[in-house]
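Results of the structural survey
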Amino acid sequence: MKLLVELLIVLSLWPVESRPATAETRLLSPVRISLFYESRCPDCRHFVVTQLCPTWSRLKEILNILLIPFGNAEEILEGRSWQFRCQHGENECQGNIIQSCVMHYLQNATSYMPVICCMESASSALTEAQRCLQTHAPAVLWDTISDCVNGDQGNELMHQNAQMTNELEPLHNYVPWILINGEHSEDLQHQAETDLFNLVCKTYIGREVCDLGEDIAK
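Predicted model only: the values in this text are computed from it and were never measured.

1. A word on the sheet that holds strand 1 (residues 31-37)
- Read from one edge to the other, the open sheet built from three strands follows the order 2-1-5, with strand pairing classed as mixed. Sheet topology places strand 2 (63-69) and strand 5 (177-180) at the edges, where each strand pairs with a single neighbour. Put simply, the sheet's adjacent strands are angled 15 degrees from each other on average, direction ignored.
- With seven bridges joining them, strand 1 and strand 2 adopt parallel strand pairing. Paired with Val31 across the two strands is Leu63, which belongs to strand 2.
- Relative to strand 2, helix 4 (residues 90-106) is tilted by about 145 degrees, and along the sheet it contacts strand 1 and strand 2.
- Along the sheet, helix 8 (residues 152-166) contacts strand 1 and strand 2; its crossing angle with strand 2, the most-contacted strand, is approximately 105 degrees.

What follows is the structure, given as C-alpha cells:
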C-alpha cells in the first residue's frame, strides 16, 4: 500500500509535458500551418485570400498559424541596421514590415489574421493597411505600427523573418512556401494550394470538427 501511495505521488509530480501523449492530448493538438510568403506576390495573395483565410475562419479552433513575410527578399547589413531588397519592389518590403509589426503587436492569430486577410484581399495591401488595422484591431494605434515599421523594431523583425526563411530545410524554391506540421513536400503544397480545408481536416485527428459544414472549395 505504501508503495502504491508513493507511486501516485511521483506520477502527480511528473511534468505534464513529459508524460506520454494520449489519444485525448493528440486530439487537442492543432494543425500547424507555416506560410513563408511576400505581401505583394500574386500567388501568395491568391493562396491567402482563397485558401488560408476561409479555412482559418471556419477552423480557427484547430489551427496554429505562423506567417513569415520575407520570401525571396535579400538582406544586407549596413552599419547597425539591415537593408532589404524585395522581389516586387520597395512597396513589398514596406508591406512585409507592416504585417510583421501588426503580428508583433497583436500577438495571436485570432487578433492579427483579420488584419492580414483584409490587407491581402485589398487592391493594395500597403495603402489599405491603416484602414484594415482600424477596422479589425482598433485598440492598436496606427502610430504604433508606423513607429515599428520605421524604427529598429521593424528592422529586427524583418531580420528574424530572413533568418527563419534562410534556415528552412529544404530551402524554399518559390513562394508561397507552405509547411504542414513542420513538413513540406510537393504533395502537401499542392493540397494546400488547391484544398486547404480538406487537408486540415485530414491532418487533424478530430475529424468530427470538419463534418459541421461542406468543403469550402466546392
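2. Digging into the packing of helix 4 against helix 8
- Orientation of helix 4 relative to helix 8, taken along the N-to-C sense of each, is 100 degrees, at an axis distance of 9 Å. On the basis of the axis angle, helix 4 is roughly perpendicular to helix 8. Each of Asn96, Ile97, Ser100, Cys101, His104 and Tyr105 in helix 4 lies in contact with helix 8, whose residues at this interface are Gln153, Gly154, Leu157, Met158 and Asn161.
- Classifying every residue of the contact of helix 4 with helix 8 gives five nonpolar, six polar and no charged.

3. Remarks on the packing of aromatic side chains
- Evaluation of the coordinates by the stated rule reveals two aromatic pairs.
- Between Lys60 and the ring centre of Trp56, over which it is positioned, the NZ or CZ distance is 4.6 Å.

4. Things to note about the state of the cysteines
- Counted under the stated rule, the structure contains four disulfides.
- Put simply, Cys53 and Cys117 are joined by a disulfide, and their sulfur atoms are 2.0 Å apart. Between Cys53 and Cys117 the sulfur-sulfur dihedral comes to about -100 degrees; the bridge is accordingly left-handed. Separated by 64 residues along the polypeptide, Cys53 in helix 3 (residues 42-59) and Cys117 in helix 5 (residues 109-121) bring together distant segments of the chain.
- The exposure class assigned to Cys53 is buried, which follows from its relative accessible area of 10%.
- Between the sulfur of Cys118 and that of Cys132 lies a disulfide, 2.1 Å long from S to S. Residues Cys118 and Cys132 are joined through a disulfide that is left-handed, its torsion about the S-S bond being -70 degrees. In this pair, Cys118 sits in helix 5 while Cys132 sits in helix 6 (residues 129-136), placing the two residues 14 residues apart along the sequence. Residue Cys118 shares its accessibility class with Cys132, and that shared class is buried.
- Cys41 forms no disulfide, and the closest cysteine sulfur to it belongs to Cys44, at a distance of 3.0 Å.

Scoring rules and cut-offs
Residues numbered from 1 in each chain as written. Predicted model: local features only at pLDDT ≥ 70, side-chain atom pairs only at ≥ 80, totals over all residues. Heavy atoms only, no water. Pairing = 2+ DSSP bridges. Helix = DSSP H or I, 4+ residues; strand = E, 2+ residues; numbered from the N terminus. Axes fitted to C-alpha atoms, helices over the stretch in contact; angles between N-to-C directions. Contact = heavy atoms within 4.5 Å. Parallel < 35°, antiparallel > 145°, perpendicular 65-115°, else oblique. Nonpolar A, V, L, I, M, F, W, Y, C, P; charged D, E, K, R; others polar. Phe/Tyr/Trp six-rings, centres within 6.5 Å; stacked < 30°, edge-to-face > 60°. Lys NZ or Arg CZ within 6 Å of the ring centre and 35° of its normal. Disulfide = S-S within 2.5 Å. Buried < 20%, exposed > 50% of the residue type's maximum accessible area, 1.4 Å probe, protein only.

Nothing here speaks to function; it is geometry throughout.
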